[in-house]
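Fold and contact review
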Amino acid sequence: MRGGFEPLVEEAFKQTSFELIDTEGERPRFIDGRLFIPPGLLSQAAEEGFRRLSFFFRESHLAMLAEQLALAENDKKPGNDGFVLNALLRNAVIAAKGELALCQDTGTAVIYGWKSENVFTGSGDDDAWLESGIGAAYKKNNLRLSQIGASSFLDEFNTGNNLPAQIQIHASGKNPVYRFLFIAKGGGSSNKTSLFSMTKSLLEEQAFEKFLEEKIKALGTAACPPYRLAVVVGGTSPEFNLEACKLASAEALDSAPYFEPGEDKEKSASLPWIRRDKQWEEKAMSIGRRTGLGAQFGGSSLLLDARVLRLPRHAASCPVSIGVSCAAHRNLYAYIDSEGLHLEKTVTDPAKFLKERGINLKTFDSNTAIIKRISVNKGIKEVCKELSNFNVGDKILLSGKLLMARDAAHLKWHNLLKEGKALPEYLYAYPVYYAGPAATPPGKVIGSLGPTTAGRMDPYGEEFMSRGCSLVTVAKGNRSAEWKKLCSSYGAFYLGTIGGAAALLSEENVTGNELLDYPELGMEAVRLITVKDLPVFIIIDNKGNSLY
Ligand code: SF4
């Protein structure tokens, strides 16, 4: 047990508040001294768990965002952190109405299970029962279906139910209880996980500091900071290291004991093998502040917190991973015992929660002195001309029609060019917003809608810009040096909008939504949307200047 995650996870459960949920059907009961859990209860746990984490934050995350906002507002050089944090908290308030999910990317569904040897379900396939609950949660709650299957090595299709999920169930202890950690992991956030095969030479003060600085800077802003950072050094295999990284970013390994100054071998040998390091966690935080990236558009709030963990390693290997949980930090514990299903409590009324802490949230246009408005309904040339009056980092409220498209549509257009065909007319007429919405709830204009990562569209820069398309793009995160060059060659602009505030942007800033092309692409179909006062920052201008 000294090398495994279970004791730490068990401690995390002890420190969490749960509530007993009313469920339907058969109840758990003891049969021959072992707890029988009807498999239908697994489906109900997954369904309610993923619904809950898609709309409501756990209290600790909301409290950290609120604290960070207070810090940003008292900072002498606040950058744009206050603007972003205000938006993220207002987003939590809107999502908690239960209609628009916290983020449009409702993630890959991940489940870690810890099953006692005194629990049985008789199903022979717990994964299938859990998956059926996940499928129901995504369908019934207008969550986004993001999973792409392969119909041949190169051809893909949307699976239509957000499955498959990633499910890992571990055997754990004798207490008759089945524990779960549900995680909804967005693609942007997942893409920031990196594994490095290092050597002992990294385990030296200066070398590790340099490494940490380099890797934290490289995180950039595409995964919607502020981040919960996890860095894991060591591990009996690269796979074990990565599992620790994922669990750590979900706060599940927080009870790993810190190293103590002057600790001897005997003491270390009596403690769990998974340990934390306070000094390196503080250094990571300070590096995060120094990057100046802030919560997306400059400032000091790149990181909300950091976990730096040390694991044992083979003498010849030193796997090191770095990962983040993004602004949409969606993790939820659950357990089933003889009483029934228990789910982690979340904050169901964030407005009241924030008010009790003296937090008054500000709207996008509350500082009219530093915000300008422009309309994009006047043709791309005119829009570029108007944008050229601004500097990188300037905030603008954008109104008018935007073409919404992302990866799959860009590949289709690329293929049209390859076949010698013309690009669709609409590509010449509107700025392109890289995004894919969650399903539209009844009565809403569109489902949760925020930007996706711009950099994935970078390979199409030259072929589109040289034809007069993609001259104004809206998305999130940093872009390649090549894109900057193209902006200066073709007089183009790249604008960033807030990631992780999709419920807010959908509710307040989208007034029209029309399906335009490729309906078969599901959430990646091409749409024409109308926005009103969508907040954007100039990230790259037509001279190739960049905010990052
Ligand atoms: S907040 Fe950003 S990184 Fe996180 S899931 Fe949403 S879009 Fe992805």
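Everything discussed here concerns the structure shown above.
Owing to the predicted nature of the structure, the values given are computational and were not obtained by experimental measurement.

The subject of this paragraph is the sheet that holds strand S15 (residues 331–337). A sheet is described by the order of its strands in space; here 6 strands give the open sequence S1-S16-S15-S9-S4-S8, paired in mixed fashion. Pairing within the sheet leaves two strands with one partner each, and these edge strands are strand S1 (18–20) and strand S8 (166–171). If you compare each strand with its neighbour and ignore which way they point, the axes differ by 20° on average. One ladder, built from 6 bridges, connects strand S4 (residues 108–115) with S8; its direction is parallel. When the sheet's bridge partners are listed, lysine 115 is paired in S8 with alanine 171. Across the sheet, helix H5 (residues 126–140) touches S4, S8 and strand S9 (178–185), and the angle it forms with S8 is around 140°.

Before going further, it helps to spend a moment on the pairing of strand S18 (residues 395–405). Every other side chain in a regular strand lies on the same face of the sheet, so the side chains alternate between the two faces. Buried residues dominate S18, accounting for 10 of its 11 residues. Direction of pairing for strand S17 (residues 371–375) relative to S18: parallel, over a ladder of 5 bridges. What sits directly across from lysine 372, in S18, is isoleucine 396. Taking the sense of rotation as the criterion, the β-α-β connection linking S17, helix H12 (residues 380–387) and S18 turns out right-handed. Direction of pairing for S18 relative to strand S23 (residues 526–540): antiparallel, over a ladder of 9 bridges. Across the sheet, residue glycine 400 finds its bridge partner in S23, namely valine 531.

Applying the stated criterion across every chain, the model contains 19 aromatic pairs. Three or more aromatic residues joined by ring pairs make a cluster, and in this case those are Phe50, Tyr138, Tyr178, Phe180 and Phe182. Lysine 395 extends its terminal NZ or CZ atom over the ring of phenylalanine 83, reaching a point 5.2 Å from the ring centre. When the ring centre of tryptophan 483 is taken as origin, the NZ or CZ atom of arginine 479, which lies over that ring, is 3.4 Å away.

A rise of 1.5 Å per residue sets the reference length of H5, with its 15 residues, at 21 Å; its end C-alpha atoms lie 22 Å apart and thus fit the reference within 8%. Of the surrounding elements, those touching the buried residues of H5 are helix H2 (39–55), S4, S8 and S9. A positive phi of about 55° marks asparagine 142, the residue just after H5.

What counts as what
The written sequence of each chain sets the order in which its residues are numbered from 1. Per-residue local features of the predicted model are confined to residues with pLDDT of at least 70, and side-chain atom pairs are confined, for both listing and counting, to 80 or more; whole-chain, interface and lining totals are unaffected and use all residues. Values shown for side chains rest on all heavy atoms present in the structure; no hydrogens or waters enter the calculation. Here, strands pair whenever DSSP counts at least two bridges between them. Strands are runs of DSSP state E lasting at least two residues, helices are runs of H or I lasting at least four, and both sets are numbered from the N terminus onward. Axis lines are fitted to C-alpha atoms, over the contacting stretch for helices. Their N-to-C directions set the angle, which ranges from 0 to 180 degrees. Note on contacts: a residue pair qualifies if any of its non-hydrogen atoms lie within 4.5 Å across the two residues. The buried label goes to any residue with under 20% of its type's maximum accessible area, the exposed label to any with over 50%, and the partly exposed label to all in between, with areas taken from a 1.4 Å probe on protein chains only. When the strands point away from the viewer and the path from the first strand over the helix to the second turns clockwise, the crossover is right-handed. Working definition: rings of Phe, Tyr and Trp (its six-membered ring) pair if their centres are within 6.5 Å, and the pair is stacked with planes under 30 degrees apart, edge-to-face with planes over 60 apart, and tilted otherwise. Think of it as a cone above the ring: NZ of Lys or CZ of Arg counts as a charge over the ring if it is within 6 Å of the ring centre and within 35 degrees of the ring normal. Here the expected length of a helix is defined as 1.5 Å per residue gap, with one fewer gap than residues.

Structural measurements only, silent on function.
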